[in-house]
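The chain contents come next:
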Amino acid sequence: MTTMLGCDSTAAVAERIREARATGTTLRLVGAGGWLDAGRPCPAEHRVELRPLAGVTEYEAGDLTLTARAGTTLSEIERATAPEGQWLTLDPFGSADGTIGATVATASHGPLSSSYGTPRDHLLGCESVSGTGDVIRSGGRVVKNVAGFDLPRLMCGAWGTLGVLTEITVRLRARPEVDRTLVVALRDESAGACADAWRWLRASPFTPLAAELLSASIARRLGLGERAVLALRLGGNEALVRSAERTVAELGDVRTVAGSLWDDLRRSEPSGSVVIRLGALPADIGSLWAAAGTLAERAGGFAHSTLGRGVVRCVVPIAELEEDNGRLWGIIGQLQAAGSRIFERLPSSLWSGIPSPASDPISRGVRRAFDPDHLLNPGILGESA
Amino acid sequence: VSVPPPTPLPHAPKLTGRAPRDDPALARQLAAIVGDRRVLRRPGELRSYESDGLPGYQQRPSLAVFPGTRDETIAVVRLLADWGVPFVPRGAGTGLSGGALADDVVLLGLHRLSRIISVDADNARAVVEPGVVNSTLTRAVAPFGLHYAPDPSSQTACTIGGNVAENAGGPHCLKYGVTVNHVLAATVLLPSGEVVSLGNAAGESDGYDLLGAFVGSEGCFGVALDVTVSLARLPEAVRTLLADFTTVLDAAEAVSAIIASGILPAALELMDAATIQAVEASIYAAGYPVDAAAILLIELDGAAAGLDDDAARVERFCLDARARGVRVAADATERAKLWQGRKKAFGAMGRMSSHLVVQDAVVPRTRLPEILAEIERIGAAHGVSVCNVFHAGDGNLHPNIAYDASNADEARRVHDAMSQVMEACIAAGGTITGEHGVGLDKLPYMDRLFSPATLDAMCALRSVFDPDRRANPGKVVPVHSCREWHAAPSTRHA
């Protein structure tokens, strides 16, 4: 039976970990609890609830940096920064009710990563508690910092296995003067249409805040018509955005839509989906897009692509697959990519076939150094002790 | 990542009464790999390698070895591992924190590995060897409409390998990001001689961000054999503005206003009167107003549309902060001249005295005005003259003092003043280095900045990459703060 251990301070987290270490108890780290089906099954004995560890602890708008406790939700950060005309440019899929701790721990990102990068590009410093109960504070509150080895980047994407994140300092951006969303209907879902969109993006003199290809199925669900679209988020001053709009027209039929499209897209994944993220060199994105789109649609799902990053995300509801693992494997097997294939969500029965990204000697050594007893989120990276 | 099993403890050949690094047999074996001319042992030959960009420090390596190929580099590092000999990697030796100083250990020079292995213009990336000079890469990719964005002031000499080791910055990092934001993958030679690949050049990375940890590890985690970097597009248009102020604080106020406005300049640099005068008295004279208390060099780039609107707003922020005037570079020649003055400012100051200490502290941007006032006060109290030339948009200060290191009293006053400057920056919520690295120079401040548990975690991380702690020994983390290093080898984490 899992015990819930609520933690509302760094000291409480350290105390829980020291107790766990003394008794050899493993811990599952939980933020808002919205992403617990992401990553591998994690058979830990106790849950450490970090949502109570919330609140913005330091925010000086003129510095464009913010420090918050790890259980603070992205929407709480948005509420704190919006009055200053600033924002944290991380929009991971799921919802804004996810915590900053989980966003950093899982290195989750969304369409804005096209221009602003991923959590590793936003993280300036953090406090964490290691698997030995030691409180580690690294990085800082300044936007440029090379003092000491880069422990924050190591924590980013470690899924809590190198320490429980308790406080996080991130870089903010000023909101652009104009923030406009356009959709361009593409002629079809082919590799060629995708490649055309990519070439246009690469040649255009401005960088959209986001440039996301949406398959016809998700475009339809979001009320954007019957065809695949390129959704663009343009930011900057009025003259820049107006000029950008004119160039976009070269791509096809353009229309302006409400910016709520981006939140709708983030929330569009049915719970219990299989989510696979494929990566390739951006110039090779076309064939990946076509394959992912076809398979996702056939399985009742959808695909979308952060074009400039060379990433295609494929979302398939498990229910549609009638728990037919053989067929599911067939679909997954066909989703190959030259660059990378990352499983965000899979039915637990399928994980055993997926190699761990943390099984090499250096990763194992890092884990031993920070969590020698494998107490924190054991198994979540598929690693063995 | 793929790594063969961890290294066994060093099995040095039988010693002959000499430290193994001084053993003539080691030199002979190294020469067998790289050729006689590429192993230096005589004091006269080693003189050029006794210092790097940090003034006032001299340390003589026991020998220096310069492999010319990847295979030679691997063979050299494996031989050093067999001998259990510590080594210090070095690129161009332009580092400003003493990171490439080798005190009676082997110096591993990597500047001969200078091939640009490939350029993929479509995907805006290049694969380079570590000895490629920063500005050489930018020149090589310019025909494709691309450039390598991080631009340290030493870019005409410093190498990409050194940039990766230090996580180097530069003026244009305000908009484009520092080195770590531009490195996609690296093939890394661990101190044990094993070769691992970190990051993913063709897709996304999964698992621990070992590449992120390697960038900025100051040569303590091994050396890069090749680095895949992302390239940025050359902007469609550029506007370079020079704003001229009668007080440094007014200039700092303009910086705050620009940053808060949401306009993100490519670069936003501040130079004070002492710096302006040094530059204008040198061959790098850029036409800066010599009677100004401070100037801001502001560059805006990107799409042509809207750029003039942003430039007009920036000009307005400067005038609102009481700038005497704002000049816009008329053409590329004038722009290059304005930038040359900034990039060669350290060289210009070097003319004033035999030594120049360049500091690299960072403060939150809102604290700039008060910290500049404090630096001035500290300089006056110690009877030294501090020049400020720095990345104002990032809050990354470079207080510099020209002095004569052979004058013991002056050297002591300079040292004391700089220590107080660092303390003031830490107290303001800042840090001790933004882009130059800790090296040797900033070791004394690490205890002030980080807790024992944090320093211990850094030591533990280093031990994963280099269990024998032979790569750039004694740098970055003070040895006394590493709990585990006091333990017997058998109890080490790694």
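Before any of the text, the structure's been laid out above.
(A) Local environment of the packing of aromatic side chains. In the structure shown here, the tally under the stated rule is six aromatic pairs over all chains. Both rings, one in Trp200 of chain A and one in Phe206 of chain A, keep their centres 6.1 Å apart while their planes meet at 70°; by these two values the pair is edge-to-face. When sorted by exposure, Trp200 of chain A lands in the same class as Phe206 of chain A, which is buried. Where Phe343 of chain A meets Trp351 of chain A, the ring centres are 6.3 Å apart and the plane angle is 80°; that geometry is what we call edge-to-face. Residue Phe343 of chain A is classed as buried on the basis of its relative accessible area, which comes to 9%. Judged by its relative accessible area of 6%, Trp351 of chain A falls in the buried class. By way of ring pairs, the aromatic residues Phe149 of chain A together with Phe221 and Phe465 of chain B are connected into one cluster.

(B) Layout of the pattern of salt bridges. Residue and element names in this part refer to chain A. Under the defined criterion, the tally for this structure stands at 52 salt bridges over all chains. Where Glu76 meets Arg51, a salt bridge forms, and the shortest distance between an N and an O atom there is 3.1 Å. Here Arg51 lies in the loop between β3 (46–49) and β4 (56–60) and Glu76 lies in helix α2 (residues 74–81), a separation of 25 residues in the sequence. Judged by its relative accessible area of 31%, Arg51 falls in the partly exposed class. Of the charged contacts, one joins Glu58 and Arg141 as a salt bridge, the two residues approaching to 3.3 Å between their closest N and O atoms. Of this pair, Glu58 sits in strand β4 while Arg141 sits in the loop between β8 (135–139) and α6 (151–155), placing them 83 residues apart in sequence.

(C) The pairing of strand β15 (residues 273–279) of chain A, seen in detail. Residue and element names in this part refer to chain A. Judged by how many residues are buried, β15 sits mostly within the fold: seven of seven residues are covered. The two faces of β15 match: Ser273, Val275, Arg277 and Gly279 on one face and Val274, Ile276 and Leu278 on the other face are all buried. Relative to strand β17 (residues 311–317), β15 is paired through seven bridges, and the arrangement is antiparallel. Along β17, the bridge assignment pairs Val275 with Val315.

Rules behind the numbers
Residues numbered from 1 in each chain as written. Chains lettered and ligands numbered in written order. Predicted model: local features only at pLDDT ≥ 70, side-chain atom pairs only at ≥ 80, totals over all residues. Heavy atoms only, no water. Phe/Tyr/Trp six-rings, centres within 6.5 Å; stacked < 30°, edge-to-face > 60°. Buried < 20%, exposed > 50% of the residue type's maximum accessible area, 1.4 Å probe, protein only. Salt bridge = Lys/Arg side-chain N within 4 Å of Asp/Glu carboxyl O. Helix = DSSP H or I, 4+ residues; strand = E, 2+ residues; numbered from the N terminus. Pairing = 2+ DSSP bridges.

So yeah, pure geometry; function would need other evidence.
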